Amino acid sequence: MSRNIFILISCLFYLRLFSQKTVLEDWEFSLDNEPAAFCNVKIPHTWNKNDAFDDAGGYYRGIGTYKKKIIIKDISKKYYLHFKGSNQFTTLWINNRKVGEHRGGYTSFSFDISDFIQKNENEITITVNNSHNEKIPPLDADFTFYGGIYRSVYLVEENFIHFKKHLGNDYVKTDAVVTKEKKGRVTIHAVITNSENTQKGGLHLSLISPEGTVKTINKKIKLQEGENKFIIDYEIESPLLWSVQTPNLYKLTAEILDKKGLVQDSYSCNIGFRTIQATTKGFFLNGDYLKLTGVNRHQDLEGYGNAVPVHLQLDDLVKIKEMGSNFLRLAHYPQDEEIYKAADSLGLILWSEIPVVNKVPLGNDYESYKENALLMQKEHIFQNYNHPSFVFVGYMNEIFLRTVFDSPAEETKQQIVNNTLDLAGALEDLTRKEAPGHITVMALHGNQIYNETGIAQIPMVIGWNLYFGWYGGNIYDLGGFLDKENKKFPNRPLIISEYGVGADVRLHNENPEIFDFSEEYQLDYHIGYWNQVHERDFVIGMSAWNFADFGSEFRGDAMPHINQKGLVNFNRIPKNIYYWYKATMKPTEKLTRIYRDLPVHLSNSPKKLLKIISNQPVIVKLNGNSIANESPLNNLINLEINLVKGQNVIEVYGRNDILLDKEIIEWKKPLITNKGDLLAINLGSKNYFKDTENVIWYPVTTSTGNIYLAGNIKQVKTSANVKGTSNDPVYQYGLSGLNEIKIEVPKGKYEVKLLYANLLKRKAIAYELKTEKEPGEIISKPIKFYVNNLLVEIDTKEKLTKFEKTIITEVKNDQLQISSATSAPFTLSGIMIKKIEL
Ligand code: GCB
């Protein structure tokens, strides 16, 4: 049939309405079902987008109630309520009658509400509960479990004949394989529900190739009352293969025709022909070796929690592909169906998993937990099965993390191991059965418990989440670890499923150190990991942790409640490292960019380390003069330059004299001369820090330049949230043991701000792979000192809270002096001096 005739016929069929979907966006909502508290909300919605980030600590984990009235005129049809995702225990009532429940926050699900509705007005009530539930994965993880109906909800109207609603999807399951003869074979498994009388009908299938050619199959079928299963095979000559460079997609449409030939239901999806193989020699797509390189992704976004409009989520995938990724791990749960569709059309190989993270329960809860985990995996697979991008199917992440950290008694440990092995075995079997032709995978943390218990032998591929050079060890420990693993288990394909470090764009350091949260350390770390993985062919790939910063409520770090290992910020503005990856993963696309640190160089010395991210040679000019003609090493140029006082114009040219990037840096000595001049020093820190008011804090650990320190000085630091400020890094560091600070400043009147926080050693978190669990108090005493001759007392009992005191003082002898008032030395985190009068 020609394409035009096909379209015409299809249009005629479509005159009959079928499968109407109405988005239900506007609801009334209340936490805890407080009648007085109902307010209007729009779904997607979460109730934790603010409280998961405030100073109060914790976030609401309980019940939220959604209500809505809908009008249904024609109750002779079938009606479903379809949820794309609601976290995590959802119960539905229609007209005060309970319809059903769904457990699990990350898969889609539908309720058949046909028997509960009445003509005209119907009241829908939904409760969603995100409290901790030992029976539902995840129990524990490094991300915020935002509660609510955070993906869209639809009212779906169907005819009496339609594709069965099964595990949250229409029952049309397709296998697209490339045969030995290089033909494409599509096998379609469809289940049709017919609640009318037995009748003859038709199944109309069409497959539109990427080039627009159409192949159709019309099959006469007999529809019994109830469920009807069909398996239809389709063969096409020389299919255009789906690949990461050319993600060729075929559009499959399946339509059910009734006895009169009218379309009763229609289902469409994109499918792709590709072969996949993961071996100890690497990953092969369509027979070609492909080193998998990319990122992990969490679904939340600054200002939205997990209730992120789809178009913003799709921007992530575009950025991920634009960076040059061919691989994306959806951590640690199934994500919106549009993400899978976008991966299909962009050409991204996916690792998708269910959120069985950190631990499985013991005792009575285990059986229900297992049942829920198995159902979740079934839903996850069924909902995503048709996507060509759906390649690696996972079901456990760092499942022994808690066991190692909590170190339970031997007997308990054995029970945990037994349950975990039981669950892993069951999930592996289920995954192999439900997702044949896919690759099963599990992610481990850097501990031998996975080898010792034998769990690592279960999946087809092992993913290692490795943080050498962050939570301990050294960046270059990675290679040795990988070599040892490969030697011990030469038949086990392995991938680096996570690696990363926290980086805060406000923090910079020319001599970066482990755990300093500077962007420079992030750059060093990723270059080190990239090189070590690329020296080893047996490692099939790597996915950086994480594409973006994400919400993890319990974390302190440089920004509280956020895991800052993103290559882009929580708001998706790229960090420098994003450009480094782009330059590296897309070698044929030329990229040169001056590494952005702080626009001001505050050192006493004119020397500055200029970094340029580039995958091509460049000429560098400083204030109009050529100063270097450089070829990058690892797509990076490190150049020491000598600045002049005031503004410095840095220009980078290609060898063909085309200006590639330009940046202006001001060199300011940390001096105060004029009224309004300001000096901000961060005691105890080694990082430059730009605060919320764009003030740059100068790191001071010892006497330097015009700052003189005396005493038995020690650095104190924490990475816990400091309450009352968003400038945590200033307060997270301090110097203790100070007897005196002298800062040379010219005569005049000054406003002096003294900053302090009562720092505690933070309790180690399980991810740090450390056992230090007791938070020790570092500073707790009231402190007193003189600023010039003025006695200042800081008597804060509040722990981990910002304390700031502002005084006005006159400097007569060119020096601001802070000295201890008692024999006890003092501690301070920061000093900001502003000249207010000459
Ligand atoms: C991991 C976890 C991930 C954490 C990450 C981290 O290994 O799988 O969920 O967020 O480490 O940042 O510590």
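Cut-offs applied
- Residues numbered from 1 in each chain as written.
- Predicted model: local features only at pLDDT ≥ 70, side-chain atom pairs only at ≥ 80, totals over all residues.
- Heavy atoms only, no water.
- UniProt positions renumbered as here; feature names shortened; annotations may be inferred.
- Helix = DSSP H or I, 4+ residues; strand = E, 2+ residues; numbered from the N terminus.
- Rg over C-alpha atoms; globule rule 2.2 N^0.38 Å.
- Buried < 20%, exposed > 50% of the residue type's maximum accessible area, 1.4 Å probe, protein only.
- Contact = heavy atoms within 4.5 Å.
- Lys, Arg positive; Asp, Glu negative; His and termini not counted.
- Charge placed at Lys NZ, Arg CZ, Asp CG, Glu CD.
- Near = heavy atom within 4 Å.
- Polar contact = N/O pair within 3.5 Å; in protein donor to acceptor, adjacent residues only side chain to side chain.
- Areas by Shrake-Rupley, 256 points an atom, 1.4 Å probe, with all protein chains shown as cover.
- Pairing = 2+ DSSP bridges.
- Axes fitted to C-alpha atoms, helices over the stretch in contact; angles between N-to-C directions.
- Parallel < 35°, antiparallel > 145°, perpendicular 65-115°, else oblique.
- Left-handed = near helix turned anticlockwise from the far one by under 90°.
- Expected span 1.5 Å × (residues − 1).
- Arc of directions from axis to C-beta.
- Phe/Tyr/Trp six-rings, centres within 6.5 Å; stacked < 30°, edge-to-face > 60°.
- Lys NZ or Arg CZ within 6 Å of the ring centre and 35° of its normal.
- Core = buried A, V, L, I, M, F, W, Y, C linked by side-chain atoms within 4.5 Å.
- Salt bridge = Lys/Arg side-chain N within 4 Å of Asp/Glu carboxyl O.
- pLDDT = per-residue confidence, 0-100.

In the nomenclature of an unreviewed UniProt entry, the protein is known as Glycoside hydrolase family 2 of Abyssalbus ytuae. Quoted verbatim from the Sequence similarities (unreviewed entry) field of the UniProt record, the comment on the protein reads "Belongs to the glycosyl hydrolase 2 family."

S.K.: For this particular structure, what's the right way to read the overall build of the protein?
M.R.: Each helix and strand counted, the protein has eleven helices and 54 strands in total. Its C-alpha atoms give the protein a radius of gyration of 31 Å, within 12% of the compact-globule value 28 Å for 838 residues. The C-alpha extent of the protein, read off along each of the three principal axes, is 100 × 65 × 55 Å. Here the protein holds 838 residues, and 59% of them are scored as buried. Considering only intrachain contacts with a sequence separation of at least 6, the fraction spanning at least 24 residues in the protein is 71%. For the protein, the distance from the average site of its 98 positive side-chain charges to the average site of its 99 negative ones is 2 Å.

S.K.: Just to check I follow, could you spell out the side chain of D557 for this structure?
M.R.: Here D557 is to be found in the loop between β33 (550-551) and β34 (562-563). Each residue touching D557, except ones within four places of it in the same chain, is listed here: F517, I562, N563, Q564, S719 and Q732.

S.K.: How should I be thinking about the site of the ligand in this particular structure?
M.R.: Near the ligand you find 14 residues, and of these D142, H332, E398, Y471 and K565 are the closest. D142 places a polar side-chain atom, nitrogen or oxygen, 2.5 Å from an oxygen atom of the ligand. One nitrogen or oxygen atom from the side chain of K565 is found 2.5 Å from an oxygen atom belonging to the ligand. Notes on the ligand: free accessible area 310 Å², of which the protein chains cover 99%.

S.K.: What should I look at first to understand the sheet that holds strand β20 (residues 263-271) in this one?
M.R.: Within a sheet, neighbouring strands are paired by backbone hydrogen bonds and run either parallel or antiparallel to one another. Spatially, β17-β16-β19-β20 is the arrangement adopted by the four strands of the open sheet, whose pairing is antiparallel. Only two strands of the sheet have a single partner each, and these edge strands are β17 (214-223) and β20. In this sheet, neighbouring strand axes are inclined to one another by 15 degrees on average, regardless of whether the strands run parallel or antiparallel. Of the pairings in the sheet, the one linking strand β16 (residues 199-208) to strand β19 (residues 250-257) comprises seven bridges and is antiparallel in character. If you follow S206 over to β19, its bridge partner there is T253.

S.K.: Explanation requested: the packing of helix α9 (residues 519-534) against helix α10 (residues 576-585) in the structure shown.
M.R.: Each pair of packed helices can be summarised by the angle the axes make with each other and by the distance between the axes. With their axes 9 Å apart at the nearest point, α9 and α10 run at an angle of 25 degrees to one another. If you check the angle between α9 and α10, you find them roughly parallel. α9 and α10 meet at a crossing whose hand is right-handed. Listed contacts from α10 to E519, Q522, L523, H526, I527 and W530 of α9 are N576, I577, W580, Y581, T584 and M585.

S.K.: I'm lost on the sheet that holds strand β36 (residues 600-601) in this one. Help?
M.R.: Sheet architecture is open: five strands sit in the order β36-β42-β41-β38-β39, paired in mixed fashion. The two strands at the open ends of the sheet, each matched to only one other strand, are β36 and β39 (625-630). Strand direction decides the pairing type here: strand β41 (residues 646-654) and strand β42 (residues 659-667), joined by eight bridges, are antiparallel. Residue pairing across strands places Q647 opposite E666, the latter belonging to β42.

S.K.: How should I be thinking about helix α2 (residues 310-322) in this particular structure?
M.R.: One full turn of an α-helix is made of 3.6 residues, so residues set three or four places apart face in the same direction. Over its 13 residues, α2 runs 18 Å from end to end, which matches the ideal 18 Å to within 8%, given 1.5 Å per residue. Those residues of α2 lying buried are Q313, D316, L317, I320 and K321. Projected onto a plane normal to the axis of α2, the buried residues spread over an arc of 130 degrees and lie on a single side. Of the surrounding secondary structure, the elements contacted by the buried residues of α2 are β24 (292-297), β25 (327-330) and α3 (337-346).

S.K.: Help me understand the environment of Y731 in this model?
M.R.: Secondary-structure assignment places Y731 in helix α11 (residues 728-732). The exposure class of Y731 is buried, given its relative accessible area of 3%. For the pair Y731 and K717, spaced 14 residues apart in the sequence, the C-alpha separation amounts to 8.5 Å. Not counting the four nearest positions on each side in its chain, Y731 is found in contact with V722, T725, L755, Y756, A757, L759, K802, F803, E804 and S829.

S.K.: Can you help me understand the packing of aromatic side chains in this one?
M.R.: Given two aromatic rings, their pairing is described by the distance between the two centres and the angle made by the two planes. Scanning the model with the defined rule gives 39 aromatic pairs in all. Taking the centre distance of 6.5 Å and the plane angle of 35 degrees together, the rings of F53 and Y146 count as tilted. One end of the pair, F53, is in the loop between β3 (39-42) and β4 (63-72); the other, Y146, is in the loop between β9 (120-129) and β10 (153-158), with 93 residues separating them in the sequence. A relative accessible area of 2% places Y146 in the buried class. Ring centres of F515 and F517 lie 5.2 Å apart, and the angle between their planes is 80 degrees; on these two criteria the pair is classed as edge-to-face. Each member of the pair, F515 as well as F517, carries the same accessibility label: buried. Here the aromatic residues W27, F29, W47, Y60 and Y66 are joined through ring pairs into a cluster of three or more. One residue, R329, lies across the ring of W351, its end atom 4.6 Å from the ring centre.

S.K.: What is the right way to read the pairing of strand β27 (residues 390-397) from this model?
M.R.: Along any regular strand the residues' side chains alternate between the sheet's two faces. Within β27, eight of the eight residues are buried, which leaves it mostly tucked inside the rest of the structure. In the sheet, strand β26 (residues 349-353) pairs with β27 via four bridges, with the strands oriented parallel. Note that in β27 the partner of W351 across the bridge is F392. Bridge count between β27 and strand β28 (residues 439-445): four bridges; the pairing is parallel.

S.K.: Sorry, what's going on with the environment of V153 here?
M.R.: The topology assignment puts V153 in strand β10. Taking relative accessible area as the criterion, V153 reaches 0% and is therefore assigned buried. Remark: the alpha-carbon pair of V153 and G472, spanning 319 residues in sequence, is separated by 44 Å. Residues within four places of V153 in sequence aside, it is in contact with T22, V23, L24, W27, I43, L81, H82 and F83.

S.K.: What's the story with the nonpolar core in this structure? I'm lost.
M.R.: The nonpolar side chains of a soluble globular protein tend to be buried, and buried together. Residues V356, M396, L423, L482, I496 and Y581 are the most contacted members of the largest nonpolar core, which totals 126 residues. Judged by nonpolar contacts, the second largest core, of 35 residues, contains I672, V700, I707 and L735.

S.K.: Which parts of the structure should I look at to understand the pattern of salt bridges?
M.R.: Should the charged atoms of two oppositely charged side chains come close, the side chains can pair. Under the defined criterion, the tally for this structure stands at 38 salt bridges. The salt bridge partner of D316 is R572, with a shortest N-O separation of 2.8 Å. With D316 in helix α2 and R572 in the loop between β34 and α10, this residue pair connects regions lying 256 residues apart in the sequence. R572 carries the same exposure label as D316, and that label is buried. A salt bridge links K370 to D422; the nearest nitrogen and oxygen atoms lie 3.0 Å apart. Of the two residues, K370 is situated in helix α4 (residues 365-384) and D422 in helix α6 (residues 410-434); the sequence distance between them amounts to 52 residues. Owing to a relative accessible area of 17%, K370 belongs among the buried residues under this scheme.

S.K.: Can you help me understand the side chain of N169 in this one?
M.R.: Locating N169 in the fold gives a position in strand β13 (residues 169-170). Given a relative accessible area of 19%, N169 falls into the buried group. If near-sequence neighbours (up to four positions away) are discounted, N169 is found in contact with K164, Y267, F382 and Q383.

S.K.: Which parts of the structure should I look at to understand the confidence of the model for the protein?
M.R.: In regions of low pLDDT, the predicted coordinates are not meant to be interpreted in detail. Of the residues in the protein, 96% reach a pLDDT of 70 or more, and the chain-wide mean stands at 93. Every residue in residues 1-16 scores below 50 in pLDDT, and together they form 22 contacts with partners more than four places removed in sequence or on other chains.

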